[in-house]
Amino acid sequence: MKFIFLFAILLSSSLFAKDENYTIAICTTSTLEYAKACQDKVLKTQKQKAFIVKKDGKYYTNLNIYKNRKDASFAIKSTSNFIKAQGAFPRNISLEIVEKFNLGNYFIDSDKDIDSNIEEDLYNISLKEFDKQKAPKSELKNRKRAINSFDFDELIIRVDSKTNIMELFSKKNNQENLLKSYIVATGKNSIKKPQGEGFITAISLNPIWYPTADTKKSFEKRGITLPNAVPPGHKYNYMGEAKLNLSHIVDGNQTYRIHGTLNEKTLGYNVSAGCIRMKNEEVIELANLIEDFSIIYGMNKVRVLLD
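The shown structure was predicted, so the numbers you read here are calculated from the model rather than taken from an experiment. (Residues numbered from 1 in each chain as written. Predicted model: local features only at pLDDT ≥ 70, side-chain atom pairs only at ≥ 80, totals over all residues. Heavy atoms only, no water.)

## Considerations on the overall build of the protein chain
And then number 1: For the protein chain, the helix and strand inventory stands at nine helices and 15 strands.
And then number 2: Out of the 307 residues in the protein chain, the part that is buried amounts to 45%.
And then number 3: A separation of at least 24 residues holds for 63% of the contacts in the protein chain among residues at least 6 apart in sequence.
And then number 4: Surface summary for the protein chain: the accessible area is close to 17,300 Å², and the carbon and sulfur share equals 53%. (Helix = DSSP H or I, 4+ residues; strand = E, 2+ residues; numbered from the N terminus. Buried < 20%, exposed > 50% of the residue type's maximum accessible area, 1.4 Å probe, protein only. Contact = heavy atoms within 4.5 Å. Areas by Shrake-Rupley, 256 points an atom, 1.4 Å probe, with all protein chains shown as cover.)

Below you can see the structure in the form of structure tokens.
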């Protein structure tokens, strides 16, 4: 009888082992916005299927489905430098997620909360915008040629809030070279501004904007009710056509960006809530340059100095 019971346990374990599935875990983030930024970077550096799973209020960006841990571990070795830099590792996933992934779902909400439909719509909007950004083969060849021709190994962004001038420098062998200057808008003189050295944590083209509670209140005073997430192209999406998230923190808040603007007449003035605003065409140019550069050298080779 004991032998039969033991055999049943072994058989059950064997069956469950066959049903095990793994993925490559890349990023764990607190918002869909950050998860999408990670997914977009994966799509640009690795021509494979990246998907996001929301679970327990967090967002997990993953790559592909594998039948066992060994295959997932082996696959990590051939991934891009960006993925390896995130500390990618094999993660066990449920059969339910596998089935949804196989049906072509690349945003899977395991929490099934009341905002799931809204988030799915925002995800689909963002994904469509990403598809629009895919350049023709001829342009991709030109960009690849430009990436390979970088004659520097560090980028430095300096922002002077007194003059509202932002300068982009290249650096190699301790020699700096000014690449371009921009007229920008910076934080109001009445607020505590982000300062010092930091870096870029994420890049998004046609971004979704997640206004803070204070921002929503300020809009309400003007008779404008902002949604929790403002989609790309919306008349009140203050991020413009691209945004670069900064690591700078002020009083515990890490909500500062270099981004486009809805009103380019404000450039050259201290009018923002701490972010750096740019012309839309210029912030897109800057975002693409940093994106291309980081594919080879990594985002940690892009420094942002705010004064």
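Next comes the rest of the account.
## Focus on the packing of aromatic side chains
And then number 1: Under the defined criterion, the tally for this structure stands at eight aromatic pairs.
And then number 2: Ring geometry for phenylalanine 152 against phenylalanine 293: centres 5.7 Å apart, planes inclined by 25°, an arrangement best described as stacked. Here phenylalanine 293 lies in helix α9 (residues 280-297) and phenylalanine 152 lies in the loop between α7 (137-148) and β6 (154-160), a separation of 141 residues in the sequence. Each member of the pair, phenylalanine 152 as well as phenylalanine 293, is classed as buried.
And then number 3: Among the aromatic residues, those joined into a cluster by ring pairs are Trp209, Phe219, Tyr236 and Tyr238.
And then number 4: Across from the ring centre of phenylalanine 219, 4.6 Å away, lies the NZ or CZ of arginine 222, which sits over that ring. (Phe/Tyr/Trp six-rings, centres within 6.5 Å; stacked < 30°, edge-to-face > 60°. Lys NZ or Arg CZ within 6 Å of the ring centre and 35° of its normal.)

## Quick word on empty space enclosed by the protein
And then number 1: In this structure the tally under the stated criterion is one cavity of 30 Å³ or more.
And then number 2: Roughly 90 Å³ of internal volume is contained in the largest cavity.
And then number 3: Looking at the largest cavity, the residues that line it are Val159, Ser161, Thr186, Gly187, Lys193, Pro194, Gln195, Gly274, Cys275, Ile276, Leu306 and Asp307.
And then number 4: Here the residues of the lining of the largest cavity are counted per class, giving five nonpolar, five polar and two charged. (1 Å grid on protein atoms, 1.4 Å probe; cavity = no way out; pocket = protein on both sides within 12 Å on 5 of 7 lines; lining within 4 Å. Points joined across faces, edges and corners; volume = space filled by probe spheres on them. Nonpolar A, V, L, I, M, F, W, Y, C, P; charged D, E, K, R; others polar.)

## Considerations on the packing of helix α2 (residues 32-45) against α9
And then number 1: Across the interface, α2 lies against α9 with an axial gap of 11 Å and an inter-helix angle of 70°. When the axis of α2 is compared with that of α9, the two are roughly perpendicular. The handedness of the crossing between α2 and α9 comes out as right-handed. Every residue of α9 that contacts α2 at Lys41, Lys44 and Thr45 is listed here: Glu291, Ser294 and Ile295. (Axes fitted to C-alpha atoms, helices over the stretch in contact; angles between N-to-C directions. Parallel < 35°, antiparallel > 145°, perpendicular 65-115°, else oblique. Left-handed = near helix turned anticlockwise from the far one by under 90°.)

## Notes on the environment of serine 170
And then number 1: Mapped onto the elements of the fold, serine 170 is located in strand β7 (residues 165-172).
And then number 2: With relative accessibility at 5%, the residue serine 170 sits in the buried group.
And then number 3: When neighbours within four sequence positions are excluded, serine 170 is seen to be in contact with Phe152, Glu154, Leu155, Gln175, Glu176, Asn177 and Leu179.

## Quick word on the UniProt feature "active site" (unreviewed entry) in the protein chain
And then number 1: According to UniProt, the feature "active site" (unreviewed entry) maps to His259 and Cys275 in the numbering used here. Maximum C-alpha separation among the annotated residues is 7.5 Å over a sequence range of 17 residues, consistent with a single clustered spot. Restricting the annotated residues to those that line the largest cavity leaves Cys275.
And then number 2: Here histidine 259 shows up in strand β12 (residues 257-259).
And then number 3: Among residues more than four places away in sequence, those in contact with histidine 259 are Tyr238, Met239, Ala242, Lys243, Cys275, Ile276, Arg277, Met278 and Val283.
And then number 4: Within the local environment of histidine 259, its side chain forms a polar contact with the backbone oxygen of tyrosine 238, the two atoms lying 3.1 Å apart.
And then number 5: Mapped onto the secondary structure, cysteine 275 falls in the loop between β13 (270-272) and β14 (276-277).
And then number 6: When residues no more than four places from it in sequence are discounted, the contact partners of cysteine 275 are Ala185, Thr186, Gly187, Thr255, Tyr256, Arg257 and His259. (UniProt positions renumbered as here; feature names shortened; annotations may be inferred. Polar contact = N/O pair within 3.5 Å; in protein donor to acceptor, adjacent residues only side chain to side chain.)

## Thoughts on the side chain of asparagine 64
And then number 1: Here asparagine 64 shows up in strand β3 (residues 58-66).
And then number 2: Looking at asparagine 64, its side chain comes within polar contact range of the side chain of tyrosine 66, at 3.2 Å.
And then number 3: If we skip the residues at most four places from it in the chain, asparagine 64 touches Tyr22, Thr23, Ile24, Gln48, Lys49, Phe51 and Phe101.

## As for the nonpolar core
And then number 1: Among the nonpolar cores identified, the biggest contains 26 residues, and Ile157, Met166, Ile200, Leu244, Ile258, Leu286 and Ile290 are the most heavily contacted of them.
And then number 2: Of all the secondary-structure elements, those providing two or more residues to this core are β6, β7, β10 (196-205), β11 (242-246), α9 and β15 (302-306).
And then number 3: Filtering out sequence-adjacent residues up to four positions away, methionine 166 remains in contact with Ile157, Arg158, Val159, Lys180, Ser181, Tyr182, Val184, Ile258, Ile276, Met278 and Leu286.
And then number 4: Of all hydrophobic cores here, the second largest spans 15 residues; its members include Ile24, Ile26, Ala75 and Ala88. (Core = buried A, V, L, I, M, F, W, Y, C linked by side-chain atoms within 4.5 Å.)

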